[in-house]
Amino acid sequence: MPKLSQWYIKLAFGYLLAGFTMGALLLAHKGQPIHPALWSWLPAHIEWLLMGWTAQFTLGMAFWIMPRFWKAPRRGNTNGAYVALVLLNAGVLLASLGPALRLSPWALIIGRLLEVGAAVAFAHAIFPRVVGREG
Amino acid sequence: MPLQTRWFIKSAFVYLAVAMALGIGLASGMVVQLPLWLAYSSPVFFHLIMVGWVTQMIFGVIFWMFPIVTRARPRGSERLAWATYILLNAGLLLRVLCEPLNAMNPRGVWGWGLVVSAVLQWLAAVIFIYNSWYRIKERYRGD
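Keep in mind it's a predicted model, so treat the numbers as computed, not measured.

Caption draft 1: Examining the interface of chain A and chain B more closely. Taken together, the contacts link 24 residues of chain A with 37 residues of chain B. Contact between chain A and chain B buries roughly 2600 Å² in total, counting both sides, with carbon and sulfur atoms accounting for 74%. Its largest share of buried area at the contact with chain B, chain A owes to A:Phe13, A:Phe20 and A:Leu27, together 25% of the area lost on that side. For the interface between chain A and chain B, the tally reads one salt bridge. Of all the elements in the fold, those that place two or more residues in the side of chain A that touches chain B are α1 (3-31) and α2 (42-65) of chain A. Grouping the amino acids of the side of chain A that touches chain B by side-chain chemistry returns 15 nonpolar, six polar and three charged.

Okay, here's the thing in structure tokens:
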């Protein structure tokens, strides 16, 4: 597994833990009230598990297992995938903490823009590797 | 494919089918009056998909495909993998049962069922991460 995939997947595991922890608190709160402010963390719970865990894990796996080139560099130009890692995680943090901490609405908008940037950057890096056996 | 992975993946497909069936039930609320337990099952629908299908499928595939630890102990602790499977599914099934019943009878015994469900699913995630973390690495190249 390449180093960059390791980063994606370790960060995804971090969001899995954060998302399940918040989800457990919210579920327990439904059964036995803990604190009313917990509900403001529902969007963060969703963001961490959808984007931080599932989407990030998928990108890490894609970078690892998509076909490689016959000649070095075997995974092509990887800059876009590195940029996507940074943009995605900055975006997830902004889009989740913005609503939860009642920051400016711009936090959510900028977070989403960063996530779009991550998608474009990763697609730019991975498209040349979406090929058949003949290349 | 290891036995635990087969259980994870087959269970994931069952949850997917059940979630889709529940989705039909919830959608039919547009045209008929739903029984209360069904009307309160929207969160169950989403979690059957995201926990029962997506996360469980990923857990199974990780246990199967991630780089091995050593040839003697390729996938880490098999007991912890079983613990993850049992805790995740017990927690999710308990939620499926208790969530609509708690919505109909708040603060009753079903509420404690949700608390137990939350703890079981959280433990499943913690144990899974613990058992998988050291397999996020380069390919195994011998001892």
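Caption draft 2: How the structure looks around the layout of surface pockets. Considering only enclosed or pocket space, the largest pocket measures out at about 490 Å³ in volume. What lines the largest pocket is a set of 22 residues, among which A:His45, A:Ile46, A:Leu49, B:His47 and B:Arg95 lie closest to the centre. Those elements that place two or more of their residues in the lining of the largest pocket are α1 and α2 of chain A together with α3 (42-65) and α5 (109-132) of chain B. Of all the elements, α1(A) adds the most residues to the lining of the largest pocket, at seven residues. Taken together, the residues of the lining of the largest pocket break down into 15 nonpolar, five polar and two charged.

Caption draft 3: Spotlight on the side chain of B:Ser117. Structurally, B:Ser117 can be placed in helix α5. Judged by relative accessible area, which is 0%, B:Ser117 ranks as buried.

Caption draft 4: Fine view of a positive patch on the surface. Residues A:Arg68, A:Arg74, B:Arg139 and B:Arg141 make up a contiguous surface patch of positive charge. Tracing the chain through its elements places B:Arg139 in the segment after α5.

Caption draft 5: Up close: a nonpolar patch on the surface. A cluster of nonpolar side chains, A:Leu94, A:Trp106, A:Ile109, A:Ile110 and A:Leu113, forms an exposed patch at the surface whose accessible area comes to about 490 Å². With four residues, helix α4 (residues 105-126) of chain A is the single largest residue contributor to the nonpolar patch.

Caption draft 6: Summary view of empty space enclosed by the protein. Residue and element names in this part refer to chain B. One pass over the full model with this rule turns up two cavities of 30 Å³ or more. Within this model, the largest cavity holds a volume of roughly 50 Å³. What lines the largest cavity is Phe-8, Phe-59, Phe-63, Ala-81, Thr-84, Phe-128, Asn-131 and Ser-132. Of all elements in the fold, only α3, α4 (78-104) and α5 reach the threshold of two or more residues within the lining of the largest cavity. The element contributing the most residues to the lining of the largest cavity is α5, with three residues. Its boundaries defined by the atoms lining it, the second largest cavity holds a volume of some 30 Å³.

Caption draft 7: Quick peek at the environment of A:Trp64. Relative to the helices and strands, A:Trp64 resides in helix α2. Once the C-alpha coordinates of A:Trp64 and A:Leu4 are considered, the two residues, 60 residues apart in sequence, prove to be 8.4 Å apart. Contacts of A:Trp64, omitting those with residues within four sequence positions, involve A:Met1, A:Pro2, A:Ser5, A:Arg75, A:Arg129, B:Met65, B:Phe66 and B:Pro67.

Caption draft 8: Here's a closer look at the confidence of the model for chain B. Residues and elements named next belong to chain B. Considering every residue of chain B, the mean pLDDT works out to 95; 99% of them sit at 70 or more. Here helix α2 (residues 36-39) stands out as the element of chain B with the lowest mean pLDDT, 95, in contrast to helix α1 (residues 3-27), whose mean of 98 is the highest. With pTM at 0.95, the complex prediction returns an ipTM value of 0.94.

Caption draft 9: Examining the nonpolar core more closely. By size, the foremost hydrophobic cluster in this structure holds 39 residues, and its most contacted members are A:Ile9, A:Phe13, A:Leu16, A:Trp53, A:Phe57, B:Ile62 and B:Phe66. At the level of secondary structure, the elements contributing two or more residues to this core comprise α1 and α2 of chain A together with α1, α3, α4 and α5 of chain B. Of the residues forming this core, the biggest block, nine residues, is contributed by α3(B). Leaving out residues up to four positions away in the same chain, A:Phe13 has contacts with A:Trp53, B:Ile62, B:Phe128, B:Ile129, B:Ser132, B:Trp133 and B:Ile136. If you look at the next biggest cluster of nonpolar residues, it comprises 22 residues, including A:Tyr8, A:Leu26, A:Ala118 and A:Ala121.

Caption draft 10: Summary view of the packing of α1(B) against α3(B). Residue and element names in this part refer to chain B. Two elements in contact, α1 and α3, have axes separated by 8 Å at closest approach and are oriented at 160°. Taken together, the axes of α1 and α3 lie roughly antiparallel to each other. Between α1 and α3 the crossing geometry is left-handed. Class assignment of the residues belonging to the contact of α1 with α3 gives a composition of 21 nonpolar, eight polar and no charged.

Conventions adopted
Residues numbered from 1 in each chain as written. Chains lettered and ligands numbered in written order. Predicted model: local features only at pLDDT ≥ 70, side-chain atom pairs only at ≥ 80, totals over all residues. Heavy atoms only, no water. Contact = heavy atoms within 4.5 Å. Buried area = accessible area lost by both parts, 1.4 Å probe. Salt bridge = Lys/Arg side-chain N within 4 Å of Asp/Glu carboxyl O. Helix = DSSP H or I, 4+ residues; strand = E, 2+ residues; numbered from the N terminus. Nonpolar A, V, L, I, M, F, W, Y, C, P; charged D, E, K, R; others polar. 1 Å grid on protein atoms, 1.4 Å probe; cavity = no way out; pocket = protein on both sides within 12 Å on 5 of 7 lines; lining within 4 Å. Points joined across faces, edges and corners; volume = space filled by probe spheres on them. Buried < 20%, exposed > 50% of the residue type's maximum accessible area, 1.4 Å probe, protein only. Patch = residues over 30% accessible without salt bridge, like charges linked within 9 Å, V, L, I, M, F, W, Y side chains within 5 Å. Areas by Shrake-Rupley, 256 points an atom, 1.4 Å probe, with all protein chains shown as cover. Lys, Arg positive; Asp, Glu negative; His and termini not counted. Charge placed at Lys NZ, Arg CZ, Asp CG, Glu CD. pLDDT = per-residue confidence, 0-100. Core = buried A, V, L, I, M, F, W, Y, C linked by side-chain atoms within 4.5 Å. Axes fitted to C-alpha atoms, helices over the stretch in contact; angles between N-to-C directions. Parallel < 35°, antiparallel > 145°, perpendicular 65-115°, else oblique. Left-handed = near helix turned anticlockwise from the far one by under 90°.

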